[in-house]
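# Structural overview
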Amino acid sequence: MAGDCVAIPTETVYGLAANALDSRAVASIFEVKNRPFFDPLIVHVASAEAARAYISTLPDAAAALMARFWPGPLTLLLPRNAQIPDLTCAGLPRVALRMPAHPLALELLQQLPFPLAAPSANPFGYISPTCAAHVWDQLRDKIPYILDGGSCRVGLESTIVGFESDQPVAYRLGGLSLEELEEAIGPVELRLNQSSNPAAPGMLTTHYAPRKPLLIGQIGPSGALLDENGAPLEIPASVSRIGLLRFKPGVAADARVRVELSLTSAGDLLEAARHIFGALRALDQADVELIVAETCPDEGLGRAVNDRLRRAAV
Ligand code: TXA
Ligand code: MG
């Protein structure tokens with residue numbers, strides 16, 4: 001593992017991991033992912049104590065979040081010290097830290113004498129991988145090893161939180177819901193979609209996108225494809241085969257729908273989160289020209305699922 005990067009499972013998505021303290025190893029991550037150097041990496045640690053070695057100060061609210069949600073799908077942006085190379089953080093003043101909850105990832109981190117920088121193990125801009133086969137499909141020629149830890153339990157990337165003048169700000173919603181965060185530390189400002197803001201470059205609007213065009217829609221009472229306002233969905237005349245991504249099963253009455261997938265059988269948002277990326281991949285590979293996706297209820301993990309769908313639709 002010395003200077004190479006390898007794919008590892010986490011509870012959120014698979015990561016492409018290398019020694020976070022070694023600039024050359026970190027550079028290989030950017031190369032394999034085809035990721036621009038201005039987009040910094042999350043540093044994965046084995047414990048809250050380990051995280052303290054890389055930061056200059058720890059706000060009380062951050063300590064409270066670590067105690068409550070680590071290990072788990074929460075990344076904290078904290079002022080970094082000189083231990084972390086510039087490349088890992090893209091020269092930014094904060095380092096992103098996370099203690100993952102996957103048993104294999106934790107065991108690996110406990111055994112290594114260094115933390116692991118790991119972005120999601122997908123080519124830059126594409127859908128994050130939630131099982132080893134997704135990584136294999138896209139990166140098998142570029143990495144020496146994939147540690148197979150099964151399907152990811154959460155299925156969405158971590159929620160990213162930082163502090164500005166001691167006020168908590170969420171830059172990305174993921175596997176930890178806004179409701180759970182606010183229950184722990186009070187109101188949290190949401191600052192998503194900051195594609196031009198270097199504080200959270202990972203939120204480039206084109207992230208998480210399938211290669212096929214995707215429209216957000218809904219199914220009307222008669223089974224017709226509608227837009228979010230209830231008007232008929234505008235589908236290009238050239239499209240004859242549609243892949244439909246439903247929140248939960250229902251009946252669509254449009255002859256162009258050739259493949260239909262549901263995120264959950266009975267409206268469970270955790271299940272929808274677990275399935276969203278696999279479903280987008282499946283539709284991207286299916287014999288369809290366009291993906292039409294229904295949003296989830298905008299609460300709990302549904303908010304993060306909808307965020308990924310809207311980015312995919314851009
Ligand atoms: O669940 C996850 O977070 C997964 C697993 C592998 O841990 N990782 C992941 O990494 O989603 P990535 O690189 O795909 O997304 C992390 C985002 C980056 O795009 C970047 O914008 C933001 O986190 N980030 C990382 N370090 C940062 C820093 N120092 N300052 C501001 N934003 C940072
Ligand atoms: Mg990513």
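Since the model is a prediction, treat every value here as computed from it, not as a measurement.

Reading the values: rules and limits
Residues numbered from 1 in each chain as written. Chains lettered and ligands numbered in written order. Predicted model: local features only at pLDDT ≥ 70, side-chain atom pairs only at ≥ 80, totals over all residues. Heavy atoms only, no water. Pairing = 2+ DSSP bridges. Helix = DSSP H or I, 4+ residues; strand = E, 2+ residues; numbered from the N terminus. Contact = heavy atoms within 4.5 Å. Axes fitted to C-alpha atoms, helices over the stretch in contact; angles between N-to-C directions. Salt bridge = Lys/Arg side-chain N within 4 Å of Asp/Glu carboxyl O. Buried < 20%, exposed > 50% of the residue type's maximum accessible area, 1.4 Å probe, protein only.

### A word on the sheet that holds strand 14 (residues 290-294)
Across the sheet, five strands lie side by side as 11-10-14-12-13; this open sheet has mixed pairing. The outermost strands of the open sheet, each flanked by one partner alone, are strand 11 (225-226) and strand 13 (257-262). Relative to strand 14, strand 12 (residues 242-246) runs parallel, the two being bridged by four bridges. Looking at the pairing, isoleucine 242 lines up with leucine 290 of strand 14. Here helix 8 (residues 269-285) sits on the sheet in contact with strand 10 (214-219), strand 12, strand 13 and strand 14, set at roughly 170° to strand 12. Strand contacts of helix 9 (residues 301-313): strand 10, strand 12 and strand 14, with the helix running at about 125° to strand 10, the strand carrying the most contacts.

### Quick word on the pattern of salt bridges
Enumeration according to the criterion identifies 15 salt bridges in this entry. Between arginine 35 and aspartate 39 there is a salt bridge whose closest N-O contact spans 3.4 Å. Each member of the pair arginine 35 and aspartate 39 is classed as buried. In this structure, aspartate 307 engages arginine 308 in a salt bridge whose closest nitrogen and oxygen atoms are separated by 2.8 Å.

Without other data, these values stay purely geometric and don't point to any function.
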